[in-house]
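# Notes for the structure review
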Amino acid sequence: MLAMSEVNCIKTLRNEKGLSITEIANTMQVNWRIAKKYGDGDQLPQEKTHLKTGMMYDEEWGEIVIDWLEEDLKLKNQA
């Protein structure tokens, strides 16, 4: 999976610099198909977000536990 900066670089090389797909693939050291996909495609890849589930998050206990852990860290650093 490419980073967004790499995808934007591929799009810039293709659209603004006018490089061929092969030149982009060689320059960026990526597979030709990846260069084609991001150079000619209109879609940008979506960032994947992981939805946290379980009792800690459904019951809103997660914030309380995080606060407790942060307080414990502060106490350990003071000792």
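Preceding this paragraph is the structure being described.
Just so it is clear, the model here is predicted, and its values are computed rather than measured. (Residues numbered from 1 in each chain as written. Predicted model: local features only at pLDDT ≥ 70, side-chain atom pairs only at ≥ 80, totals over all residues. Heavy atoms only, no water.)

What the chain contains, in helices and strands, is five helices and zero strands. Along the chain direction, N to C, the helices and strands of the chain fall in the order α-α-α-α-α. For the chain, buried positions account for 18% of its 79 residues. Counted over contacts in the chain with a minimum sequence separation of 6, partners at least 24 positions apart contribute 47%. Carbon and sulfur atoms provide 52% of the accessible area of the chain, an area that totals close to 6,900 Å². (Helix = DSSP H or I, 4+ residues; strand = E, 2+ residues; numbered from the N terminus. Buried < 20%, exposed > 50% of the residue type's maximum accessible area, 1.4 Å probe, protein only. Contact = heavy atoms within 4.5 Å. Areas by Shrake-Rupley, 256 points an atom, 1.4 Å probe, with all protein chains shown as cover.)

What follows covers unusual backbone geometry. We note that Q29 has phi near 55°; this positive angle belongs to a residue other than glycine. With respect to the element layout, Q29 can be found in the loop between α2 (21-28) and α3 (32-40). A relative accessible area of 73% places Q29 in the exposed class.

All right, on to the packing of helix α1 (residues 4-15) against α2 then. Across the interface, α1 lies against α2 with an axial gap of 10 Å and an inter-helix angle of 140°. On the basis of their axis angle, the class for α1 and α2 is oblique. In the packing of α1 onto α2, the handedness of the crossing is right-handed. Contacts from E6, C9, I10, L13 and R14 in α1 reach I21, I24 and M28 in α2. Here the residues of the contact of α1 with α2 sort into six nonpolar, no polar and two charged. (Axes fitted to C-alpha atoms, helices over the stretch in contact; angles between N-to-C directions. Parallel < 35°, antiparallel > 145°, perpendicular 65-115°, else oblique. Left-handed = near helix turned anticlockwise from the far one by under 90°. Nonpolar A, V, L, I, M, F, W, Y, C, P; charged D, E, K, R; others polar.)

The subject of this paragraph is the packing of α1 against α3. Put simply, α1 and α3 touch, their axes get as near as 8 Å, and they point 75° apart. Taken together, the axes of α1 and α3 are roughly perpendicular relative to one another. Contacts between α1 and α3 pair V7, I10, K11, R14 and N15 from the former with A35, Y38, G39 and D40 from the latter.

Taking 1.5 Å of rise per residue, the 12 residues of α1 would be expected to cover 16 Å, and the 16 Å separating its terminal C-alpha atoms lies within 8% of that figure. Of the residues making up α1, those classed as buried are V7, I10, K11 and L13. Axial view of α1: buried residues confined to an arc of 165°, hence all on one face. (Expected span 1.5 Å × (residues − 1). Arc of directions from axis to C-beta.)

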